[in-house]
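Reading the structure
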Amino acid sequence: MSPKRPQQTPTLFAAAGLDHEAPHPLPDRLRPRTLSEVVGQDHILGPDGALTRMLETRTLGSLIFWGPPGTGKTTVARLLADATDLHFEQISAVFSGVADLKKAFDAARARREMGKGTLLFVDEVHRFNRAQQDSFLPVMEDGTVVLVGATTENPSFELNAALLSRARVLVFRSLDAAAIEKLFAHAEAVEGKKLPLDAEARAVLVRMADGDGRASLTLAEEVWRSARADEIFNAAQLQEILQRRAPIYDKSADGHYNLISALHKSVRGSDPDAALYYLARMLDAGEDPLFLARRVVRMAVEDIGLADPQALVIANAAKDAFDFLGHPEGELAIAQAVVYLATAPKSNAVYTAFGTAMQVAKQAGSLLPPKHILTKLMKSEGYGTGYEYDHDAPDAFSGQDYFPEALGRQTFYDPPERGFEREIRKRLDYWAKLRKERGGSR
């Protein structure tokens, strides 16, 4: 006769008969129950999506879900486990350590011996250090677990190469306006009432969600809580009630790099208005203005270069002006530099030339310069013989070759016919003509 199981003590809520009546947040109540209910990720869950194709075989390899918060990474992982008859186990890299991982792996091994596989979902997987990430490799390789890691960070930068080589990266996209509208419509159907918003306010609420499905439903719930009977909010009232969400911008995350990239590309593309917009976005979100000033200096040397030599001067002056004036007055100097760079002639000729020269220098090895330009201390070995002092030559140009003899003459810098580099082009063409006339192969 088997021993009696100890009777479980009911919780306070269960004893009071309230456990089923406890309120659940709207995002939790509307969590999809099947993969077909997930919105906004048709590129991976649609008829030809990557996950759809995997599920047709009812087998899964290890996966990394990369995308912003509120795009369905956890939900999809849970539904994948259901669809492939795997036990779903979830841990968070924020709260878990080596002991937790070992416990999860041991449980998965025990399950496997009973014929049941495990989908191990690791939230914020990028927060594990390299050694912890390496601990996943053996259990991934022997099939103990199917790892599904979720990250908001770029996996190429944050995850070990060994882990990435054993997992497929799937990108989750921010929800577009149509996907957010689907969530609102679903919420209205479940709640049995419309959001108390006029058309403009509804569009504003969509924008406030900023591509985050969970946030959109939380905001919708706040709107319902705030509305009195028969009250309809306009856009201004909505923003006052919700106190307008701050820009979603994590200075350590991809949003930071996306915006600085957009600023840089807008300057490169000669669009001062777009450049000012992204500059304002970053400053409004609390970005360090000196970081932006440093990037502006980088833009000056990378994308304007000698097409306008003043660009670097103005970029450095903007950095110094901010140092002198501080916030907020000094930010105008950075804005002025951004507009100057965006409207300046563009050239990456020096940037390209330097990159090519670096490549040749690494490949060619430690070649000696030609003998005629080496130090006179080596004169006994023939070094320095035949050197011509350029200032003594006609036009202050001797036409000598300064490349190592084993390498031969190279051309790295090729200035375009734009801005000040048009003048440099004329000088280089003139010197090339003189070099040819004077036998620059010496």
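In what follows, the accompanying structure is described. Just so you know, these numbers come straight off a predicted model, no measurement behind them.

On a plain count of helices and strands, the protein comes out with 21 helices and 5 strands. Among the 442 residues that make up the protein, the fraction classed as buried is 40%. Across the protein, every contact between residues at least 6 apart in sequence was considered, and the portion connecting residues at least 24 apart equals 73%. Within the structure as shown, the protein displays about 25600 Å² of accessible surface, and the carbon and sulfur contribution to it stands at 54%.

Within the secondary structure, E221 is located in helix α13 (residues 213-226). Of the polar contacts made by the side chain of E221, one reaches the side chain of R29; its length is 3.5 Å. Those residues within four positions of E221 in sequence are excluded, and the remaining contacts are H24, P25, L26, P27 and R29.

Turning to the layout of surface pockets, a few remarks are in order. One number sums up the size of the second largest pocket: a volume of about 600 Å³. Forming the walls of the second largest pocket are 27 residues, and the residues nearest its centre are G70, T71, G72, T75 and R214. Taken together, the elements giving at least two residues each to the lining of the second largest pocket come down to α2 (26-29), α5 (73-83), β4 (146-151), α11 (177-191) and α13. Taken together, the residues of the lining of the second largest pocket sort by class into 10 nonpolar, 9 polar and 8 charged.

Take the nonpolar core next. Counting 27 residues, the largest nonpolar core has L263, V267, L279, L292, V296, V338 and L341 as the members making the most contacts within it. Listing elements by their share of this core, those giving two or more residues are α15 (254-268), α16 (272-284), α17 (289-304), α18 (310-325) and α19 (331-343). At 8 residues, α17 tops the list of elements feeding residues into this core. Excluding its chain neighbours within four sequence positions, the residues that come into contact with L341 are V267, V296, M299, A300, I304, A311 and K346. Judged by nonpolar contacts, the second largest core, of 26 residues, contains A179, F184, M208 and A235.

All right, on to helix α14 (residues 235-242) then. Every buried residue of α14 is listed here: A235, L238 and L242. In a view along the axis of α14, the buried residues occupy a sector of 60°, so they form one face of it. For α14, exposure combined with an orientation more than 90 degrees from the buried face picks out A236 and E240. Packing partners of the buried residues in α14 comprise α12 (199-209) and α13. One or two steps after α14, the chain reaches Q243, where phi turns positive at roughly 55°.

This part is about the pattern of salt bridges. For the structure on display, the rule yields 24 salt bridges. Close ionic contact of K194 with E188 constitutes a salt bridge, the shortest N to O distance being 3.7 Å. Residue E188 is classed as buried on the basis of its relative accessible area, which comes to 6%. As a salt-bridge pair, E423 and K426 come within 3.5 Å of each other at their nearest N and O atoms. Of this pair, E423 and K426 are both found in helix α21 (residues 421-437), 3 residues apart, which corresponds to roughly one turn of the helix. With relative accessibility at 36%, the residue E423 sits in the partly exposed group. Taken together, the shared-partner salt bridges connect R29, E191, E221, E222 and R225 into one network.

Definitions and limits used
- Residues numbered from 1 in each chain as written.
- Predicted model: local features only at pLDDT ≥ 70, side-chain atom pairs only at ≥ 80, totals over all residues.
- Heavy atoms only, no water.
- Helix = DSSP H or I, 4+ residues; strand = E, 2+ residues; numbered from the N terminus.
- Buried < 20%, exposed > 50% of the residue type's maximum accessible area, 1.4 Å probe, protein only.
- Contact = heavy atoms within 4.5 Å.
- Areas by Shrake-Rupley, 256 points an atom, 1.4 Å probe, with all protein chains shown as cover.
- Polar contact = N/O pair within 3.5 Å; in protein donor to acceptor, adjacent residues only side chain to side chain.
- 1 Å grid on protein atoms, 1.4 Å probe; cavity = no way out; pocket = protein on both sides within 12 Å on 5 of 7 lines; lining within 4 Å.
- Points joined across faces, edges and corners; volume = space filled by probe spheres on them.
- Nonpolar A, V, L, I, M, F, W, Y, C, P; charged D, E, K, R; others polar.
- Core = buried A, V, L, I, M, F, W, Y, C linked by side-chain atoms within 4.5 Å.
- Arc of directions from axis to C-beta.
- Salt bridge = Lys/Arg side-chain N within 4 Å of Asp/Glu carboxyl O.

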